[in-house]
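# Observations on the three-dimensional arrangement
Listed below are the residues making up each chain.
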Amino acid sequence: MVVVQDHRGRNSPMALKKKKLAAIDMGSNSFHLLMAEVSMTGFFPKPRVLTRHKQKVRLADGLNSANSIDDDAAKRACQCLSGFAAELEQFQPDAVTVVATAALRKASNQVQLLEQFENALGRPIQVITGEQEAELIYSGVCSVSQCANDVLVIDIGGASTEVIAGHGLTPKYLQSLDMGCVVFQNRYFKSGVMSESAFAQAKHEATALIEPFLNDYHQHSWQRVLGASGTFRAVSEIANAESQPTLTREWLNELIRRCAQKGTVNALDFPGLREDRKAVLAGGLAILAGITEALNIDEFEVTYGALREGLLAQLANEVTA
């Protein structure tokens, strides 16, 4: 039993009730499954994550020139979702939410793929818009980071990049941009070859894609810049391993120069760089460099909240309403 106060301030006993929740984020690079529980008491339900599962699927790697996702990528996705289905069967959640992002938004064979993926998972999948993705990312970041003042949130995904200016828990201006670490890696660093000219071209495209929105972003001031998801985490882990105290645009550009000097993805051996991030590091760094230059960002931080945490927060609100 737990004692709570009603709206008149009187104490009353209430059994502590909890519900089990699950959220699946089918990203363009990685698929994530979060399983959590949330108390059914209190005014601000906050889910407590019990288990996290992540698998590199690289769905966007299967996009061809006709924007059709190939069979190999679809097979990787189905294998992952079948594994998630087994985890859900064991967990027996009270509520589940499943969303797919940019790679499936773009896919010309989306209808056929969704049928395969839903059969593998045994649950419906919602393909969300870029705006919905940005809103969920912002919610997820604010669920784990301090967003009391003006913040700028950047999330570099496999096939899209979301940039959100907000205040407190409210996103004020957001865009989902047509660029991602997997897509840029395949476009500018084919066969794993890295060069200064390739980085320059990729960075130029990233800058050009955000340029039409610069005035809108600059109308919203920010005191902190928070980076979410894989590219930012990889950068942070390298910085920590090299005792780099602050993540700066200057240090980022130096890291890019060092990548170009390495020449190939296989030659990347920076301290702190995980093996599973090597394949898309260059594409993500080029996008980050283009954005920081266009928005004149000198320093940025890393947050460990992202779309999947936003999904859980949304689901918790729904089941406790």
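Residues numbered from 1 in each chain as written. Predicted model: local features only at pLDDT ≥ 70, side-chain atom pairs only at ≥ 80, totals over all residues. Heavy atoms only, no water.

### Section: the overall build of the chain
The following threshold applies: Counting from the N terminus, the helices are DSSP H or I runs at least four residues long and the strands are E runs at least two residues long. Only protein chains enter the accessibility calculation, which uses a 1.4 Å probe; a residue whose area is less than 20% of its type maximum is buried, one above 50% is exposed, and one in between is partly exposed. Whether two residues are in contact is decided by their heavy atoms: any pair within 4.5 Å suffices. Every accessible area reported is derived by Shrake-Rupley at a probe size of 1.4 Å, with residue values counting cover from the shown protein chains alone. All tallies of charge rest on Lys and Arg as positive and Asp and Glu as negative; His and the ends of each chain are not included. By convention, charge coordinates are those of NZ in Lys, CZ in Arg, CG in Asp, or CD in Glu.
Each helix and strand counted, the chain has 11 helices and 13 strands in total. Burial statistics for the chain: of 321 residues in total, 53% are counted as buried. Within the chain, residue pairs in contact and separated by at least 24 positions form 68% of the contacts whose partners lie at least 6 positions apart. Surface exposure of the chain reaches about 14800 Å², of which carbon and sulfur atoms provide 46%. Within the chain, the 36 negative side-chain charges are centred at a point lying 6 Å from the centre of the 31 positive side-chain charges.

### Looking at the nonpolar core
Our working definition: Nonpolar core, defined: a set of buried Ala, Val, Leu, Ile, Met, Phe, Trp, Tyr and Cys residues in which side-chain atoms within 4.5 Å join the residues together.
Counting residues in hydrophobic clusters, the biggest one holds 86 residues, and the most contacted among them are Met26, Leu59, Leu104, Phe117 and Phe199. In contact with Phe117, other than residues within four places in its own chain, are Met26, Leu59, Ala74, Ala77, Cys78, Leu81, Leu104 and Ile125. Counting 27 residues, the second largest nonpolar core, distinct from the first, contains Val38, Tyr138, Ala228 and Leu307.

### Here's the deal with the state of the cysteines
Which entries qualify depends on this criterion: Whenever a pair of cysteine sulfur atoms sits within 2.5 Å, that pair is classed as a disulfide.
One pass over the full model with this rule turns up 0 disulfides. Not engaged in a disulfide, the cysteine Cys80 finds its nearest cysteine sulfur in Cys78; these two sulfurs lie 9.9 Å apart. Residue classification places Cys80 among the buried positions, given a relative accessible area of 1%. With no disulfide of its own, Cys259 has Cys181 as its nearest cysteine by sulfur position, at a separation of 13 Å. Looking at Cys259, the relative accessible area reads 0%, which means it is buried.

### Topic: the pattern of salt bridges
Filter applied, for reference: Any carboxyl oxygen of Asp or Glu within 4 Å of a side-chain nitrogen of Lys or Arg constitutes a salt bridge here.
On inspection of all chains with the given rule, the structure shows 18 salt bridges. Salt-bridge contacts for Arg258 lead to Glu242; the nearest nitrogen and oxygen are separated by 2.6 Å. With Arg258 in helix α9 (residues 249–262) and Glu242 in the loop between α8 (230–241) and β12 (247–248), this pair connects stretches of sequence that are 16 residues apart. Judged by its relative accessible area of 21%, Arg258 falls in the partly exposed class. Several salt bridges converge on common partners, so that one network encompasses Lys56, Glu237, Arg274 and Asp276.

### As for the sheet that holds strand β11 (residues 224–228)
As a reminder, the rule being used: Here, strands pair whenever DSSP counts at least two bridges between them. Angles run from 0 to 180 degrees between N-to-C directions of axes, and those axes are lines fitted to C-alpha atoms, restricted for helices to the stretch in contact.
Overall, mixed pairing links the 6 strands, which are arranged β10-β9-β8-β11-β13-β12 in an open sheet. Pairing within the sheet leaves two strands with one partner each, and these edge strands are β10 (170–177) and β12. In terms of strand pairing, β12 meets strand β13 (residues 299–302) through 2 bridges, oriented antiparallel. Along β13, the bridge assignment pairs Thr248 with Glu299. In this fold helix α10 (residues 278–294) packs onto β8 (150–156), β9 (161–167) and β13, with an angle of close to 150° to the strand it touches most, β8.

### A closer look at the confidence of the model for the chain
Threshold: One confidence number per residue, pLDDT, is output by the predictor and ranges from 0 to 100.
Scored by pLDDT, the chain comes out at a mean of 92, with 94% of its residues at no less than 70. In this model residues 1–15 is a low-confidence stretch, pLDDT under 50, and it forms 18 contacts with partners more than four residues away in sequence or in other chains.

### Overview of the pairing of strand β6 (residues 95–100)
Here β6 lies mainly inside the structure; 5 of its 6 residues are buried. For strand β3 (residues 18–26) and β6, the ladder comprises 6 bridges, and the chain directions are parallel. What sits directly across from Asp25, in β6, is Val99. The sheet contact formed by β6 and strand β7 (residues 126–127) spans 2 bridges and is parallel.

### Considering the layout of surface pockets
Quick note on the threshold: Cavities and pockets were defined on a 1 Å grid built from protein atoms only: a cavity is a group of points that admits a 1.4 Å probe but offers it no way out, a pocket is an open group of points flanked by protein on both sides within 12 Å along at least five of seven lines, and a lining residue is one with an atom within 4 Å of any such point. Grid points are joined across faces, edges and corners, and a volume is the space filled by probe spheres set on the points. Basically, the charged four are Asp, Glu, Lys and Arg, the nonpolar ten are Ala, Val, Leu, Ile, Met, Phe, Trp, Tyr, Cys and Pro, and anything else, Gly included, counts as polar.
Roughly 420 Å³ of volume is contained in the second largest pocket. Lining the second largest pocket are 30 residues, and of these Asp25, His32, Ser229, Gly230 and Arg308 sit closest to its centre. Among the secondary structure elements, those contributing two or more residues to the lining of the second largest pocket are β4 (30–39), β5 (48–56), α4 (130–144), β8, α8 and α11 (307–320). Per-element tally for the lining of the second largest pocket: the top contributor is β5, with 4 residues. Residues of the lining of the second largest pocket, tallied by class, amount to 7 nonpolar, 12 polar and 11 charged.

### Side note on the sheet that holds β5
Spatially, β5-β4-β3-β6-β7 is the arrangement adopted by the 5 strands of the open sheet, whose pairing is mixed. The sheet is open, and its two borders are formed by β5 and β7, each paired with just one other strand.

### Description of the packing of aromatic side chains
Heads up, the rule is: What counts as a ring pair is set by centres within 6.5 Å for rings of Phe, Tyr and Trp (its six-membered ring), and what kind of pair is set by the plane angle: stacked under 30 degrees, edge-to-face over 60, tilted for all other angles. Charge-over-ring placement is defined geometrically: NZ (Lys) or CZ (Arg) within 6 Å of the ring centre, and within 35 degrees of the ring normal.
Summed over the entire model, instances satisfying the criterion amount to 4 aromatic pairs. For the pair Phe232 and Phe300, a centre-to-centre distance of 5.7 Å together with 80° between the ring planes defines the contact as edge-to-face. Of this pair, Phe232 sits in helix α8 while Phe300 sits in strand β13; the two residues are 68 residues apart in sequence, bridging distant segments of the chain. Summarising the burial analysis for this pair, Phe232 and Phe300 share the class buried. Cation over ring: Lys20 sits above Phe91, and NZ or CZ is 4.9 Å from the ring centre.

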